[in-house]
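Observations on the model geometry
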Amino acid sequence: MIKLNNRNKINKIKIRVGRGIGSGKGKTSGRGVKGQKSRSGVAIKSFEGGQMPLYRRLPKRGFNPIGKKNIAILNLNKIQTFIDKKNISTKETLNSDLLKKLNLINKNSIKLKILGSGEIKEKINIEADLASKSAIVKLEKLGGSIQIKK
């Protein structure tokens, strides 16, 4: 029902539910009969009538950043154990391609980072994308070298 007020503006009258059968919204107030949805204060959150809900349709990503670069991390003590086991030779240059070929780092890794944890006893030449300051100092003390790719 539309009502004109004293300034000629049109206002809709609010429907008062539950005020008798003559109002058209009496008794059950347009909620049907019984059941969860007829009660007050009940909202079935994210329920889509049996359709697969949106939160289950979308892929889950969790805490894995999309643009994450896979960086293989290699400590000096790990390199020393590879030398001791004769997996790698001290004569050849150690780089990510060689390590991937020998299955010593993950084949999906894009970059190689050398960290200075542990000790290394033999002189070795390394070619890596990144290196810590302590790793560079320890390698150069032994007479080895580390080339950092740009």
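Now for a description of the structure that goes with this document. (Residues numbered from 1 in each chain as written. Predicted model: local features only at pLDDT ≥ 70, side-chain atom pairs only at ≥ 80, totals over all residues. Heavy atoms only, no water.)

Next up on the list: the sheet that holds strand β4 (residues 111-115). Across a sheet, strands are paired by hydrogen bonds formed along the backbone, either parallel or antiparallel in direction. The strand order across the open sheet built from 3 strands is β3-β4-β6, with neighbouring strands paired in parallel fashion. The open sheet has two free edges, formed respectively by β3 (71-75) and β6 (130-131), since each of these has just one partner strand. The pairing of β4 with β6 spans 2 bridges and is classified as parallel. Opposite Ile 114, over in β6, you have Ala 131 as the bridge partner. Most of the contacts of helix α2 (residues 76-84) go to β3, to which it runs at about 75°, and overall it touches β3 and β4. (Pairing = 2+ DSSP bridges. Helix = DSSP H or I, 4+ residues; strand = E, 2+ residues; numbered from the N terminus. Contact = heavy atoms within 4.5 Å. Axes fitted to C-alpha atoms, helices over the stretch in contact; angles between N-to-C directions.)

It is worth spelling out the pairing of β3 at this point. Here β3 shows a buried face lined by Ala 72 and Leu 74 and an unburied face lined by Ile 71, Ile 73 and Asn 75. Summarising the sheet, β3 and β4 pair through 5 bridges and their orientation is parallel. Directly across from Ile 73, in β4, lies its bridge partner Lys 113. (Buried < 20%, exposed > 50% of the residue type's maximum accessible area, 1.4 Å probe, protein only.)

The next subject is the side chain of Ser 96. With respect to the secondary-structure elements, Ser 96 resides in helix α3 (residues 96-101). Excluding anything up to four places from it in sequence, Ser 96 contacts Ile 105, Leu 112, Glu 127 and Lys 149.

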